[in-house]
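# Structure assessment
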Amino acid sequence: DISRLSRTGKRPIRVSFEFFPPKTQEMETSLWQAIERLAPIGPSFVSVTYGAGGSTRERTHATVARMLRETCLKPAAHLTCVAATKEQVDEVVRAYYDVGVRHIVALRGDPTGGIGSTYEPHPGGYETSTALVAGIRRIGDFEISVSAYPEKHPESAGIDADIDVLKAKIDAGATRAITQFFFENTAYLRYLDRVRAAGIDIPIVPGIVPVENFRQTAAFAKKTGAHVPQWLADRFDGLEDDAATRRLIAAAVAAEQVLDLVDHGVEDFHFYTMNKPELVFAICHLLGLRPQPAQQAA
Ligand code: FAD
């Protein structure tokens, strides 16, 4: 399909989109507007996050179930093992299986005290993301995606320790990793080299965050261990009260990032949409992706 070739004209590009479950009626409306706008692009899958400590269990389920009922998208449900027993987590997994969901993004989750505090497994719960992956595998024939950290997870001793954990998750049944967002492509490409050298051959899909709001993104990056380079701060400098220009800069930054990754051979992208479709739609267009009539109609 020529419309799905990269700007080099040689390789296909695949994308996936991440959304968060809405809290209010107003947020629900804007989420579904975002889905309507992005669905015709024909993503490989769309994922819905799970709130810290399982706080969005019902809302994540409701969103994923509605995607299955009302669209022809393939939804993936995020799931963590924080603050829940194995039985409670298994029940969530079975409920997904029963409604027809076949893809789970399996995560340990952040400590209940927030990022930066010490993680304590729930008594009777899955202790690690690896144990969670194995648990999901036992319940049903799911596709299982997991996290990866090109700039290392804040709690981890180093990249090698992270790669060991990634290997364990794959041995337990994970088939794809999605990365934490990053701004320096060299960090991702170096990480990819190390992962491949360690014998890991599953897709390590870069997670791309369009920087709609620099201050907010920088604050979040600090917590997650993603490095915010000075050149990025410089690009948004002085635009605190100028949302329109910020959006144009954000589009330019994201375009530069994804097209450089394409030039380095990357074919899959996972977009953290923040439930806002416009920037992501534009970047997909740049990547050569066009709305597909069948899905548009659906
Ligand atoms: P793991 O992969 O299990 O661990 C990450 C790294 O931390 C490991 O590689 C290891 O080196 C180190 N580590 C972990 N445990 C220990 C330990 N006990 N001792 C030493 N080192 C350790 N969070 C949510 O709450 N909901 C979501 O929907 C969600 N979606 C996400 C999607 C993606 C693509 C990513 C990248 C993250 C997401 N997160 C989400 C955040 C994630 O839950 C946190 O980053 C959490 O702190 C780690 O979970 P994990 O499964 O990534 O950890």
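What comes next is a walk through the structure. (Residues numbered from 1 in each chain as written. Predicted model: local features only at pLDDT ≥ 70, side-chain atom pairs only at ≥ 80, totals over all residues.)

Further remarks concern the overall build of the protein chain. For the protein chain, the helix and strand inventory stands at 11 helices and 9 strands. In summary, the protein chain has a C-alpha radius of gyration of 19 Å against a globular reference of 19 Å for 298 residues, a match within 12%. When the backbone C-alpha atoms are referred to their principal axes, the protein chain occupies close to 50 × 45 × 40 Å. Of all 298 residues assigned to the protein chain, the portion counted as buried reaches 39%. Across the protein chain, every contact between residues at least 6 apart in sequence was considered, and the portion connecting residues at least 24 apart equals 80%. (Helix = DSSP H or I, 4+ residues; strand = E, 2+ residues; numbered from the N terminus. Rg over C-alpha atoms; globule rule 2.2 N^0.38 Å. Buried ≥ 20, exposed ≤ 12 C-beta atoms within 10 Å, placed from the backbone. Contact = placed C-beta atoms within 7 Å.)

With that settled, the discussion passes to helix 9 (residues 243-263). Between its first and last C-alpha atoms helix 9 spans 30 Å; for 21 residues at 1.5 Å apiece the expected length is 30 Å, and the two agree. A250, A254, Q257 and V258 are the residues of helix 9 that are buried. Seen from one end, helix 9 has its buried residues packed into an arc of 85 degrees, which puts them on one side. Exposed side chains of helix 9 directed beyond 90 degrees from the buried face belong to A244, T245, L248, A252, E256 and D263. Turning to helix 9, the residues buried within the fold contact helix 6 (185-197), strand 8 (207-208), strand 9 (268-272) and helix 10 (278-286). Looking one or two places after helix 9, you find G265, whose phi comes out positive at around 95 degrees. (Expected span 1.5 Å × (residues − 1). Arc of directions from axis to C-beta.)

To continue, consider the site of the ligand. Taken together, 22 residues surround the ligand, and among them H78, S129, S147, H153 and S156 come closest. Counting residues per element, the ones that place at least two in the shell around the ligand are strand 3 (75-80), strand 4 (103-107) and helix 5 (159-172). For the shell around the ligand, the element with the most residues is helix 5, which contributes 3 residues. For the shell around the ligand, the per-class residue count stands at 7 nonpolar, 11 polar and 4 charged. (Near = placed C-beta within 6 Å. Nonpolar A, V, L, I, M, F, W, Y, C, P; charged D, E, K, R; others polar.)

Strand 3 sits mainly inside the fold: 6 of its 6 residues count as buried. In strand 3, alternate side chains face the same way, and those of P75, A77 and L79 on one face and A76, H78 and T80 on the other are all buried. Bridge count for strand 2 (residues 45-48) against strand 3 is 3 bridges, and the pairing is parallel. The residue of strand 3 that forms the bridge with V46 is P75. Note on the crossover from strand 2 through helix 2 (residues 57-70) to strand 3: the handedness is right-handed. When strand 3 meets strand 4, the two strands line up parallel, connected through 4 bridges. What sits directly across from L79, in strand 4, is A106. (Pairing = 2+ DSSP bridges. Right-handed = clockwise from strand over helix to strand, strands pointing away.)

In this section: the nonpolar core. Core analysis: the biggest nonpolar cluster contains 78 residues, and L79, I104 and A106 have the highest contact counts within it. In contact with I104, not counting residues within four places along its chain, are A76, A77, L79, V93, Y96, I136, F142 and I144. (Core = buried A, V, L, I, M, F, W, Y, C linked by C-beta atoms within 7 Å.)

Because side chains alternate across strand 2, one face comprises the buried residues F45 and S47, and the other comprises V46 and V48, equally buried. In terms of strand pairing, strand 1 (residues 14-19) meets strand 2 through 4 bridges, oriented parallel. Residue S16 lies in a different strand from strand 2, and its bridge partner there is F45. Assessed by its sense of winding, the connection that carries the chain from strand 1 through helix 1 (residues 25-38) to strand 2 is right-handed.

Summarising the element assignment, P21 is placed in the loop between strand 1 and helix 1. Along the primary structure P21 and H61 are separated by 40 residues, whereas in three dimensions their C-alpha atoms are 8.8 Å apart. Each residue touching P21, except ones within four places of it in the same chain, is listed here: V48, T56, R59, T60 and T63.

As summarised here, the arrangement of the 9 strands in space is 7-6-5-4-3-2-1-9-8, forming an open sheet in which the pairing is parallel. In this open sheet, the two strands that pair with only one neighbour each are strand 7 (204-205) and strand 8. On top of the sheet, helix 4 (residues 129-139) reaches strand 4 and strand 5 (143-148); it is set at about 155 degrees to strand 4, its chief contact. (Axes fitted to C-alpha atoms, helices over the stretch in contact; angles between N-to-C directions.)

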